[in-house]
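Listed below are the residues making up each chain.
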Amino acid sequence: MITITNVTKFYGKKEALKQISLSISEGSCFGLVGPNGAGKSTLLKIIASIIQDYHGNIQVTNGRNRKEEIGYVPQEICLEQTLSAYSNLCFFGKLYGLKGKTLQHRATEVLHQIGLADRVKDKVLHFSGGMKRRLNIGCALMHQPKLIIMDEPTVGIDPQSRRYIFEMIRRLQQKGCTIIYASHYMEEVEQLCDEVAFMDHGKTIHYGKTGDLLQQYAVPAIFVKGTIPLPKEMERFGEVSPHKDGYLLTTKTPLSAMEEVLMFYKIRDNGLERLELVRPRLEDVFFTVTGNKLRDEII
Ligand SMILES: Nc1ncnc2c1ncn2[C@@H]1O[C@H](COP(=O)(O)OP(=O)(O)OP(=O)(O)O)[C@@H](O)[C@H]1O
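Just so we're clear, the structure is a prediction, and the values are computed from it rather than from any experiment.

Q: Got a minute to help me understand the overall build of the protein chain in this structure?
A: The helix and strand inventory of the protein chain stands at ten helices and 13 strands. The principal-axis extent of the C-alpha atoms belonging to the protein chain is close to 80 × 45 × 30 Å. By residue count, 46% of the 299 residues in the protein chain fall in the buried class. In the protein chain, 67% of the contacts between residues at least 6 apart in sequence involve partners at least 24 apart.

Q: Hey, could you run me through the site of the ligand in this one?
A: Not every one of the 13 residues close to the ligand is listed here, only the nearest: Gly37, Gly39, Lys40, Ser41 and Thr42. The contact in question runs from an oxygen atom of the ligand to an N or O atom on the side chain of serine 41, over 2.7 Å. One nitrogen or oxygen atom from the side chain of threonine 42 is found 2.5 Å from an oxygen atom belonging to the ligand. In isolation the ligand offers 630 Å² of accessible surface; the protein chains occlude 62% of this area. Of all the secondary structure elements, the ones that give two or more residues to the shell around the ligand are β2 (14-24) and α1 (40-47).

Q: Before we go on, may I ask you to explain the sheet that holds strand β8 (residues 195-200) in this structure?
A: Sheets are built from strands that pair by backbone hydrogen bonding, the pairs being arranged parallel or antiparallel. The six strands are arranged β5-β6-β7-β3-β8-β9 in an open sheet whose pairing can be described as mixed. Across the chains shown, the open sheet's two edge strands, defined by having one partner strand only, are β5 (70-73) and β9 (203-209). On average, adjacent strands in this sheet sit at an angle of 15° to one another, irrespective of strand direction. Two elements, β5 and strand β6 (residues 147-151), share four bridges in a ladder whose sense is parallel. Pairing of glycine 71 across the sheet is with isoleucine 148, part of β6. Together, β5 and β6 form the strand contacts of helix α5 (residues 129-141), whose direction differs from that of β5 by roughly 160°. Contacts from helix α8 (residues 210-217) reach β8 and β9, with the element oriented near 100° to β9.

Q: Looking at this structure, I do not really get the sheet that holds strand β1 (residues 2-11). What am I missing?
A: Sheet architecture is open: three strands sit in the order β2-β1-β4, paired in antiparallel fashion. Edge positions in the sheet fall to β2 and β4 (55-60), since each of these pairs with one other strand and no more. Taking each pair of neighbouring strands and ignoring which way they run, the sheet shows an average axis angle of 20°. Where β1 and β2 come together, seven bridges link them in antiparallel fashion. Among the inter-strand pairings, isoleucine 2 is bridged to a residue of β2, identified as isoleucine 24.

Q: Where do I start with unusual backbone geometry in this structure?
A: Backbone geometry follows two general trends: most residues other than glycine have a negative phi, and most peptide bonds adopt the trans configuration. The backbone phi angle of glutamate 152 is positive, close to 45°, even though this residue is not glycine. Structurally, glutamate 152 can be placed in the loop between β6 and α6 (159-174). Phi angles above zero are rare outside glycine, and histidine 201 is one such case at about 45°. The topology assignment puts histidine 201 in the loop between β8 and β9.

Calculation notes
- Residues numbered from 1 in each chain as written.
- Predicted model: local features only at pLDDT ≥ 70, side-chain atom pairs only at ≥ 80, totals over all residues.
- Heavy atoms only, no water.
- Helix = DSSP H or I, 4+ residues; strand = E, 2+ residues; numbered from the N terminus.
- Buried < 20%, exposed > 50% of the residue type's maximum accessible area, 1.4 Å probe, protein only.
- Contact = heavy atoms within 4.5 Å.
- Near = heavy atom within 4 Å.
- Polar contact = N/O pair within 3.5 Å; in protein donor to acceptor, adjacent residues only side chain to side chain.
- Areas by Shrake-Rupley, 256 points an atom, 1.4 Å probe, with all protein chains shown as cover.
- Pairing = 2+ DSSP bridges.
- Axes fitted to C-alpha atoms, helices over the stretch in contact; angles between N-to-C directions.

Here is the structure:
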């Protein structure tokens, strides 16, 4: 369990974090979501002990030594370009006190874990963006930390590497690791994280279990496309708005609304072309609790 209590951070006069309090369950994948400048990186650096001048309190895993417990994956790629993947891993392993056969064995193990075993001798210089991202993560895993902090680990990568990273995260979680995952890609957090905190302007606006937030705040909808427009009386189920080549009806009773849409088109010679249930998204929850869309223009 990680307990963050009243954490405040100033950069000069700029208050980057304002009284943040959060609890992160052991073994969870905890998502930190917010637009650029929300304060995610600052909070992660504080948890990882990279930033030490802050107010408030952080307690990590029963108070055991933080450095040994934590693997930090920075937002910027932090690798020596002229060295091989293996040498980079060994360099970071040594920083955590690994040496000799243990270091070599662990570097080989991590190379397999990050899917770069076949590129062992290649210089990082010749790696794709996705491969560098995977190696960046691998370096933070060398000392087998229990808590892994990832700051936007999928920025600028191809879908294949993103999938690979997701699978790695799931495997780490299955092994009992706790993951803190900062991102401004809401779909990623929704897919990966069982707990989530929304951040904006240095504050946590809301946090909880992903499923609970979806259930509590996001309203489902149905999508309807027909040869004739949706009748006005459907508005009694909720808000109707044009969407793509049809209509979106946001409603708390999607099944009853679907039933009525079916009836409506059935008695009009089946002019229904598409009828779909639209699953509520974390993006909608963010909008409901903050009144903002998660877009750069809100800062
Ligand atoms: N070293 C610094 N000196 C001064 N201000 C800083 C520094 N680092 C961050 N800030 C400011 O603190 C605020 C929070 O920044 P932070 O990088 O933590 O946000 P973020 O949510 O991680 O954003 P991004 O997604 O763009 O990384 C921003 O207003 C930023 O400009």
